[in-house]
Amino acid sequence: MKKFATAVVALAIMATSALAEVEIIAEKVNENLDVISHKSRIWTNTKFTPVTLYPQTTIRFNDAKANELNQNNTPIIAAIAAIYNKDKIAFMIKWPDVHQDYQKSDSTDAYADAFAVQFARNFSIPKELPYIGMGSVDRPVIIHLQKDSVRIYEPNGNGDIEHQINPNQTNLFNKDLEAFEKQVINIGVADYERSFISEGFRSMTQIKDGTSHSHSTIGYSGIGWLGTVSRSLKDSYLDLDAVAIPVSFAVWNGGKLGRNGLKYLTPWLAIRLKKGESELVKSLTEVPTGDPVAGIKSMTTYGCKGCHQVTANDRENFMAPALKSIGGYSTADYLRESLVNPSAVVVPGYNRNAHSKYKWYTLRENNKRVSTMPDYSWLDPQELENMVAYLKTLKGGNE
Ligand code: HEC
């Protein structure tokens, strides 16, 4: 664990220099990856790449305490490694978090630290990837979620389980406790590990049909987390046989009441499996060539701030998603599409209570959501590129 501790501290220092990458080379291995965990030896020889996770600022919550705790969130730096063999792919993510928060079965106001790995179901058109925060209508994602949770065993239903398994009592009931813990391991439900198919938060459906196999683990080091997930390269939901695949990671801080859209997330990362040309890698690593300063001017001209909070210095605006971190977790292609075809992706999870001043979309025939954001496709292409370049600089305090 010591080695990991040093690594996390080094990463924390790097956070200010924002060296993070969006392309990760996956290493081909021969080992079996079915039951890989954060304790597996294989990771000691695997290269980790620093990756930034940006606070998602899209949706205002009803929970005032959660909004307050997360108001000034800044990006965090994680380290990610990817390996694959002939039928499985596995990832490990390490991220800093100084306090372990777990979810007990009987509490509704405590949230767990957690992480998720997200795959685009379809990525043949890199310009039309699913919305980064859990997919969007007609652009589904597969999500593997792992929360920190305690093993719960409730023999008599009076909630006194914690006293019984308190390790400090070992001296008192040594043997009994040992036997009891064995029983807990056999009967108790510990692991909160789930897989979902999702077209946007609030549309998550758990995958239970047995055709998708994944395995995730999570472990706390004292100053940060280590999480792993492995899954099939091909099943009835995903076919990952490609030069590169888009994958994104999210982490939740239970101590800040993080859940759902209140989280930190990477942009779509290009996980490279083979050498060669890839339109996907090009799209995900594109640095826009427009003039960001001119972009600021255009945004004033076209009234973006009338609806959006653009930087942390702007007044908070409850009409549309805040754009404070948009450049961190969005690709240039996504930003372009947002301007010229706002209804292609209507940001999911719109919270009517917290954003009561303005509807994000209206429902048309066939229940199609039509964005209430004006369409800017009529603008001069250079002007659009300038705005894309400026939006790409908005990185939640990491500009
Ligand atoms: C009349 C209000 C309004 C104006 C003006 C407006 N927008 Fe929007 N915008 C919205 C709404 C509502 C959404 C969320 C629904 C959607 O996804 O289309 C949105 C979504 C977006 C998104 C996607 C956000 C995300 O979290 O993924 C971007 C980027 C964006 N707008 C940029 C702009 C820019 C740049 C301008 C100015 C050129 C602008 N908007 C003007 C209302 C507005």
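Structure shown above.
Attention in this report is confined to the structure presented alongside it.

Procedures and definitions
- Sequence order as written defines the numbering, with residues in each chain counted from 1.
- Where local features are concerned, this predicted model is filtered to residues with pLDDT of at least 70; where side-chain atom pairs are given and counted, the filter is 80 or more; whole-chain, interface and lining totals use all residues.
- For side-chain calculations, the full set of non-hydrogen atoms in the structure is used, while hydrogens and water are omitted.
- Secondary structure counts use DSSP, requiring at least four H or I residues in a row for a helix and at least two E residues in a row for a strand, with both numbered from the N terminus.
- The classification of residues rests on relative accessible area computed with a 1.4 Å probe and restricted to protein chains. Under 20% of the type maximum is buried, over 50% is exposed, and intermediate values are partly exposed.
- Note on contacts: a residue pair qualifies if any of its non-hydrogen atoms lie within 4.5 Å across the two residues.
- Accessible surface is estimated by sampling points in the Shrake-Rupley manner with a 1.4 Å probe; for residues, cover comes only from the protein chains shown.
- The rule is simple: put a 1 Å grid over the protein atoms alone, call a set of points where a 1.4 Å probe fits but cannot get out a cavity, call an open set with protein on both sides within 12 Å along at least five of seven lines a pocket, and count a residue as lining if it has an atom within 4 Å of a point.
- Grid points are joined across faces, edges and corners, and a volume is the space filled by probe spheres set on the points.
- The nonpolar class holds Ala, Val, Leu, Ile, Met, Phe, Trp, Tyr, Cys and Pro. Asp, Glu, Lys and Arg form the charged class, and all remaining residues, Gly among them, are polar.
- Here a polar contact means two N or O atoms within 3.5 Å. Within protein one must be a hydrogen donor candidate and the other an acceptor candidate, and residues neighboring in sequence count only if both atoms are side-chain atoms.
- Geometry is summarised by axes, namely lines fitted to C-alpha atoms with helices restricted to the contacting stretch, and by angles between N-to-C directions that run from 0 to 180 degrees.
- Any angle that is under 35 degrees is reported as roughly parallel, and any over 145 degrees as roughly antiparallel; angles of 65 to 115 degrees are reported as roughly perpendicular and all others as oblique.
- In a left-handed crossing the near helix is turned counterclockwise from the far helix by less than a right angle, and in a right-handed crossing that turn is clockwise.

**Observations concerning the overall build of the protein chain**
Part 1 of the argument: Each helix and strand in the protein chain was counted, giving ten helices and 16 strands.
Part 2 of the argument: Across the 399 residues that make up the protein chain, the buried fraction comes to 52%.
Part 3 of the argument: Expressed as a percentage of contacts within the protein chain between residues at least 6 apart in sequence, the contacts between residues at least 24 apart total 74%.
Part 4 of the argument: Taken as a whole, the protein chain presents about 19700 Å² of accessible surface, with 52% of it coming from carbon and sulfur.

**Considerations on empty space enclosed by the protein**
Part 1 of the argument: Within the structure shown, the criterion is met by one cavity of 30 Å³ or more.
Part 2 of the argument: As a volume, the largest cavity reaches approximately 110 Å³.
Part 3 of the argument: Forming the walls of the largest cavity are 15 residues, and the residues nearest its centre are Leu129, Pro130, Trp268, Thr331 and Tyr334.
Part 4 of the argument: Ranked by the residues each element gives to the lining of the largest cavity, the list is headed by helix α9 (residues 332-340), at three residues.
Part 5 of the argument: By residue class, the composition of the lining of the largest cavity is eight nonpolar, two polar and five charged.

**Regarding the environment of Asp239**
Part 1 of the argument: Mapped onto the elements, Asp239 comes out in the loop between β11 (224-232) and β12 (244-252).
Part 2 of the argument: Taking the relative accessible area as the measure of exposure, Asp239 reaches 39% and is therefore partly exposed.
Part 3 of the argument: It is 9.9 Å that separates the C-alpha atoms of Asp239 and Phe123, two residues lying 116 residues apart in sequence.
Part 4 of the argument: Setting aside chain neighbours within four positions, we find Asp239 in contact with Phe123, Leu233 and Lys234.
Part 5 of the argument: Only 3.1 Å separates the side chain of Asp239 from the backbone nitrogen of Asp241, close enough to count as a polar contact.

**Side note on the environment of Tyr334**
Part 1 of the argument: Along the chain, Tyr334 falls in helix α9.
Part 2 of the argument: Here the alpha-carbon distance between Tyr334 and Pro126, two residues 208 residues apart in the chain, equals 9.6 Å.
Part 3 of the argument: Apart from residues no more than four positions distant in its own chain, Tyr334 is found in contact with Tyr131, Val345 and Val347.

**Notes on the side chain of Thr57**
Part 1 of the argument: In this structure, Thr57 sits in the loop between β3 (49-55) and α2 (64-70).
Part 2 of the argument: Of the residues examined, Thr57 reaches a relative accessible area of 17% and is grouped as buried.
Part 3 of the argument: A distance of 3.4 Å separates polar atoms of two side chains, one belonging to Thr57 and the other to Tyr329.
Part 4 of the argument: Residues within four places of Thr57 in sequence aside, it is in contact with Ala322, Lys324, Ser325 and Tyr329.

**Some remarks on the packing of α9 against helix α10 (residues 381-392)**
Part 1 of the argument: For the pair α9 and α10, interaxial distance at closest approach is 9 Å and the crossing angle is 130 degrees. Relative to α10, the element α9 lies oblique. In terms of crossing hand, the pair formed by α9 and α10 is right-handed. Here Ala332, Leu335, Arg336, Leu339 and Val340 of α9 lie close against α10, whose contacting residues are Leu384, Glu385, Met387, Val388, Leu391 and Lys392.

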